[in-house]
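# Coordinate analysis (summary)
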Amino acid sequence: MAWTWRLEGADGTELDDPVPPAHSNQSDAESWLGENWRELADAGVAKVRLLEDDSEVYGPMPLAEA
């Protein structure tokens, strides 16, 4: 089982770069996003979706500061 983030631009198109790492559990995937969301936003990522293997767990979630 792999937990990954689908990174999307503002128009919902999946971005090929940067490539997020795969994680063995949801908690690690969410921690990674919490540590890296600002850099991802600076790289043009507008929103993300969390996937467990090929199934969407939740999203899209915007990467804007509240």
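Attention here is on the structure that accompanies the text. (Residues numbered from 1 in each chain as written. Predicted model: local features only at pLDDT ≥ 70, side-chain atom pairs only at ≥ 80, totals over all residues. Heavy atoms only, no water.)

For helix 1 (residues 26–42), with 17 residues, the first-to-last C-alpha span of 24 Å sits near the 24 Å given by 1.5 Å per residue. The largest bend along helix 1 measures about 60° and falls at Asn36. When helix 1 is considered as a whole, its buried residues turn out to be Ala29, Trp32, Leu33, Trp37 and Leu40. Those residues of helix 1 that are buried lie in contact with strand 1 (3–8), strand 2 (47–52) and strand 3 (55–62). (Helix = DSSP H or I, 4+ residues; strand = E, 2+ residues; numbered from the N terminus. Expected span 1.5 Å × (residues − 1). Bend = angle between axes of the 7 residues up to and from the residue. Buried < 20%, exposed > 50% of the residue type's maximum accessible area, 1.4 Å probe, protein only. Contact = heavy atoms within 4.5 Å.)

Our next topic: the side chain of Arg49. As for its placement among the helices and strands, Arg49 is situated in strand 2. Here the side chain of Arg49 touches Glu8 through a polar contact of 2.5 Å, side chain to side chain. Separated by 3.2 Å, the side chains of Arg49 and Glu56 make a polar contact. In contact with Arg49, not counting residues within four places along its chain, are Thr4, Trp5, Arg6, Glu8, Glu56, Tyr58, Gly59 and Pro60. (Polar contact = N/O pair within 3.5 Å; in protein donor to acceptor, adjacent residues only side chain to side chain.)

With antiparallel pairing, three strands are arranged side by side in an open sheet as 1-2-3. The outermost strands of the open sheet, each flanked by one partner alone, are strand 1 and strand 3. Between one strand axis and the next, the sheet turns by 20° as a mean value, whatever way the strands run. As judged from the six bridges shared by strand 1 and strand 2, these two strands associate in the antiparallel manner. Within strand 2, the position partnered with Trp3 by the bridge is Glu52. Across the sheet, helix 1 is in contact with strand 1, strand 2 and strand 3; its angle to strand 1 comes to roughly 25°. (Pairing = 2+ DSSP bridges. Axes fitted to C-alpha atoms, helices over the stretch in contact; angles between N-to-C directions.)

These values are about where atoms sit, not about what they do.
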